[in-house]
Amino acid sequence: MATEIRVEELLKRPLYALALKGEDQPVTVAETDTEIEPTSKESPDEAQEHAIATSTSCALCKVSFANVNEQREHVRSDHHKYNVRAQLRGNAVLDETQFTKAIGELDESISGSESSEEEDDEGGNGDQLTALLKRQAKISQAAVEEDEESGALKGIGKHPLLWFTNPVLPQNTSLGVYRALFTNAEQEERRFLVESLRRKQLVPIYPQQKGQDKEKEKENGQSAPAPPSPHIFMCMIGGGHFAAMLVSLAPEVHKRQGGVEERQARVIAHKSFHRYTTRRKQGGSQSANDAAKGAAHSAGSSLRRYNEATLEKEIRELLQDWGKMINEAQLLFVRAAGSTNRRILFGQHEGQVLKQNDPRLRGFPFSTRRATQTELMRCFKELTRVKVSQVDEAALAAAETKQRETSKPSTPKPQPQKPKISKEDEEAMMHTTQLQALIRRSKIPALMSYLTKNSIRSSFTFQPSDVQQNFRCPTPLHLASNLDSPAMVLALLTKADADPTSANGEGRTPFELAGDRATRDAFRVARHELGESKWDWEAAKVPSAISKADADGRSQRERKTAEEEEANRRKAEMDRLRQEEEAAAAASRTTKKGGRTVGSVEKTAQERREEEMRGMTPEMRMRLERERRARAAEERIRRMQQSQGR
């Protein structure tokens, strides 16, 4: 239990990782919040140095040591250097006896006059290490090439996470860090990834330190320029939304209630924009639509073009203002989907800051949402937080072995055979597909011809019956009513003799599936034309009969009434707007002459809008608001065109 509690406490604290997963070279491990205090005889650096040494053995070379100094000497030895390079190249490592024997066998064949890059690093024994590595490479060349083709070599792959281990934690616990946080050079030199990760764990900043530094500057009478804080740049653009942020890699410590310290990200600068550039309910930017279909001439399209140009101008001005900080950033995380968005950021222009070939450029290695300041902060936390994975590798290996054994049975089990479909059922399924397609496309003549040609009754039941759609709409009349197709319903009832009393799996007749009045009127017209004795219309739930002329006349009267009401409303609205304009013009003339009505109070725009909409229905208010916005957009475009013409 004590061990479990210790592990949980360690995982809650930031850890200096670590060894790269799959590499066993010895590394010193320390916690960022170490509890070891220096003694009075040791300096803090010496105490920290002694505190972080946790192992006196080399798991890679399989050698143990009496003290830390011997271990350090071993790390600088040819034996350890050879094993590190051999492991990076995919070769087998050698213990001390095997290495001594291998070097001895090379003494006769080495002239000592060869030179290489490794000789400069390793000193006089560089030739021996190089020759030994070359010989090992020739022996395992075929295996290495096969592994490279399958991507099975250690460390090779493009998984977004790099996994590390820590001797303090259990063997089944791994710590993951996003690959994108490392530079290209650091990713190429995988043996230095642990050291690079240590350097990225910066000392937190306490707010009180800032005030103390300023007081010291005042006392000294000098203000030394503060060194630039290590930071990264993040931005997202899409759908008319843009958000950018410069955030420091050194966290800032704040004290919460109760004296509990909490680390928070320190944002250096942030900005977000939004412009209406995306076509509502259709998607895509206006420029993309213009490139595909030609330039549109509506008020909305002109407004979107203007907003696209304004958004591009604002973003580029912001990037130029932040140019110095962006150039000093360690990494650049950018999400810009689409050619239009990438052109705004990376297109050639005066004062260009972001470049497509910048080696610091990164994408977000996970899914992101709308470009906002909140989303950028969420992405920063996701990028910088260590992922903890607890996997029992031994159990996985045992399960994999068991699966391989069970996947190769001595006698193959007979596979269950699918039931064969009869010729009648296959023919019924084919008719179902054809009939449903004709009904959905409202092909009445083609449907009648198909029923007659194939001798299909109108009461035909769609197959297979266990499908949800066929359960709700089992007959052609059910489907036509459910699709709100009055012409198809009337044709099936009067020409194909369809039965309106048949019920579906829910016990509902075709009339009960109708969703609009025109479809329901089609049933009533069919009742009038076929007569009361043709079907049990009460059982079919069809109301009283009505002639086609009466149904058409009622629809025309309702349509005419609605058009008249709309015309009267528009006329009244135009008269009211004209009166308001005349009153505003008269008030303006009175103001210019210096006169003013005693006791008059000017109403605000909101009060005028509320007075205009008083007594209107919600639909009328929506139409009025749309008209007001359209007039405002046209006025803005007209002014913009006039200013450009000047």
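Our subject in this report is the structure included herewith. (Residues numbered from 1 in each chain as written. Predicted model: local features only at pLDDT ≥ 70, side-chain atom pairs only at ≥ 80, totals over all residues. Heavy atoms only, no water.)

**Considerations on the overall build of the chain**
Tallying secondary structure elements over the chain gives 26 helices and 13 strands in all. The burial tally for the chain puts 33% of its 646 residues in the buried class. For the chain, restricting intrachain contacts to residue pairs at least 6 apart in sequence, the fraction spanning at least 24 positions comes to 61%. (Helix = DSSP H or I, 4+ residues; strand = E, 2+ residues; numbered from the N terminus. Buried < 20%, exposed > 50% of the residue type's maximum accessible area, 1.4 Å probe, protein only. Contact = heavy atoms within 4.5 Å.)

**Digging into the packing of aromatic side chains**
On inspection of all chains with the given rule, the structure shows six aromatic pairs. Relative to Phe 366, the ring of Tyr 178 lies with its centre 5.6 Å away and its plane at 55 degrees, an arrangement referred to as tilted. One end of the pair, Tyr 178, is in strand β7 (residues 173-178); the other, Phe 366, is in the loop between β12 (361-362) and α16 (373-384), with 188 residues separating them in the sequence. Both residues of the pair, Tyr 178 and Phe 366, belong to the buried class. Taken together, the ring pairs connect Tyr 178, Phe 333, Phe 364 and Phe 366 into an aromatic cluster. (Phe/Tyr/Trp six-rings, centres within 6.5 Å; stacked < 30°, edge-to-face > 60°.)

**Here we look at the side chain of Asp 521**
In this structure, Asp 521 sits in helix α23 (residues 517-530). Accessibility expressed as a relative area gives 8% for Asp 521, which makes it buried. Apart from residues no more than four positions distant in its own chain, Asp 521 is found in contact with Ile 546 and Arg 554.

**A few points about the nonpolar core**
Buried together is how nonpolar side chains tend to be arranged in soluble globular proteins. Counting 35 residues, the largest nonpolar core has Leu 447 and Leu 492 as its most contacted members. Considering every element that reaches this core, the biggest residue donor is helix α22 (residues 486-494), with six residues. With residues up to four places along the chain from it excluded, the contact list for Leu 492 reads Leu 447, Met 448, Pro 476, Leu 477, Ala 480, Asp 497 and Ala 498. Core analysis: the next-biggest nonpolar cluster, separate from the first, contains 27 residues, Leu 161, Met 234, Phe 333 and Cys 379 among them. (Core = buried A, V, L, I, M, F, W, Y, C linked by side-chain atoms within 4.5 Å.)

**Here's the deal with the packing of α22 against α23**
Between α22 and α23, whose axes approach to 8 Å, the crossing angle comes to 25 degrees. Classified by the angle their axes make, α22 and α23 are roughly parallel. Where α22 crosses over α23, the two elements pack in a sense that is right-handed. Contacts from Pro 486, Val 489, Leu 490, Leu 493 and Thr 494 in α22 reach Ala 518, Thr 519, Ala 522, Phe 523, Val 525, Ala 526, Glu 529 and Leu 530 in α23. Looking at the contact of α22 with α23 residue by residue, the class counts come to ten nonpolar, two polar and one charged. (Axes fitted to C-alpha atoms, helices over the stretch in contact; angles between N-to-C directions. Parallel < 35°, antiparallel > 145°, perpendicular 65-115°, else oblique. Left-handed = near helix turned anticlockwise from the far one by under 90°. Nonpolar A, V, L, I, M, F, W, Y, C, P; charged D, E, K, R; others polar.)

**Examining helix α4 (residues 78-88)**
Of all eleven residues in α4, nine are buried, a share of seventy percent or more. For α4, the full list of buried residues reads Asp 78, His 79, His 80, Tyr 82, Asn 83, Val 84, Arg 85, Ala 86 and Gln 87.

**Considerations on the sheet that holds strand β10 (residues 261-274)**
Here five strands make up an open sheet; going across it, the order is β10-β9-β8-β11-β12 and the pairing mixed. Every other strand in the sheet has two partners, leaving β10 and β12 as the edge strands with one partner each. Relative to strand β11 (residues 332-336), strand β8 (residues 231-238) runs parallel, the two being bridged by five bridges. Across the sheet, the residue bridging to Met 236 is Arg 335, located in β11. Across the sheet, helix α13 (residues 299-321) lies against β8, β9 (241-255) and β10, angled at about 135 degrees from β10, the strand it touches most. (Pairing = 2+ DSSP bridges.)

**Describing α22**
Taken as a whole, α22 has its buried residues at Met 488, Val 489, Leu 490, Ala 491, Leu 492 and Leu 493. On its buried side, α22 packs onto α18 (423-440), α19 (444-453), α21 (476-482) and α23.

**Remarks on the pattern of salt bridges**
This structure, assessed with the given rule, holds 31 salt bridges. Here Glu 573 makes a salt bridge to Arg 576, at a shortest N to O gap of 2.2 Å. Here the residue Glu 573 and the residue Arg 576 both occupy positions in helix α24 (residues 548-592), the gap between them amounting to three residues, near one helical turn. Arg 576 gets classed as buried once you look at its relative accessible area, which sits at 18%. Several salt bridges converge on common partners, so that one network encompasses Glu 566, Arg 569, Arg 570, Arg 623 and Glu 627. (Salt bridge = Lys/Arg side-chain N within 4 Å of Asp/Glu carboxyl O.)

**Focus: unusual backbone geometry**
In the segment running from Gln 463 into Pro 464, the intervening peptide bond is cis, with an omega of -5 degrees. With a phi angle near 60 degrees, Asp 497 is a residue other than glycine that sits in the positive phi range. In this fold, Asp 497 is placed in the loop between α22 and α23. For Asp 497, a relative accessible area of 38% corresponds to the partly exposed category. We note that Lys 541 has phi near 65 degrees; this positive angle belongs to a residue other than glycine. Considering the arrangement of structural elements, one finds Lys 541 in the loop between α23 and α24.

**Here we look at the packing of α19 against α22**
Between α19 and α22, the least distance of the axes is 10 Å, while the angle of their chain directions is 30 degrees. Classed by the angle they form, the pair α19 and α22 counts as roughly parallel. The two elements α19 and α22 cross, and the hand of that crossing is right-handed. When α19 is examined against α22, the residues Ile 444, Leu 447 and Met 448 are found in contact with a partner set consisting of Ala 487, Met 488, Ala 491 and Leu 492. Of the residues in the contact of α19 with α22, the class split is seven nonpolar, no polar and no charged.

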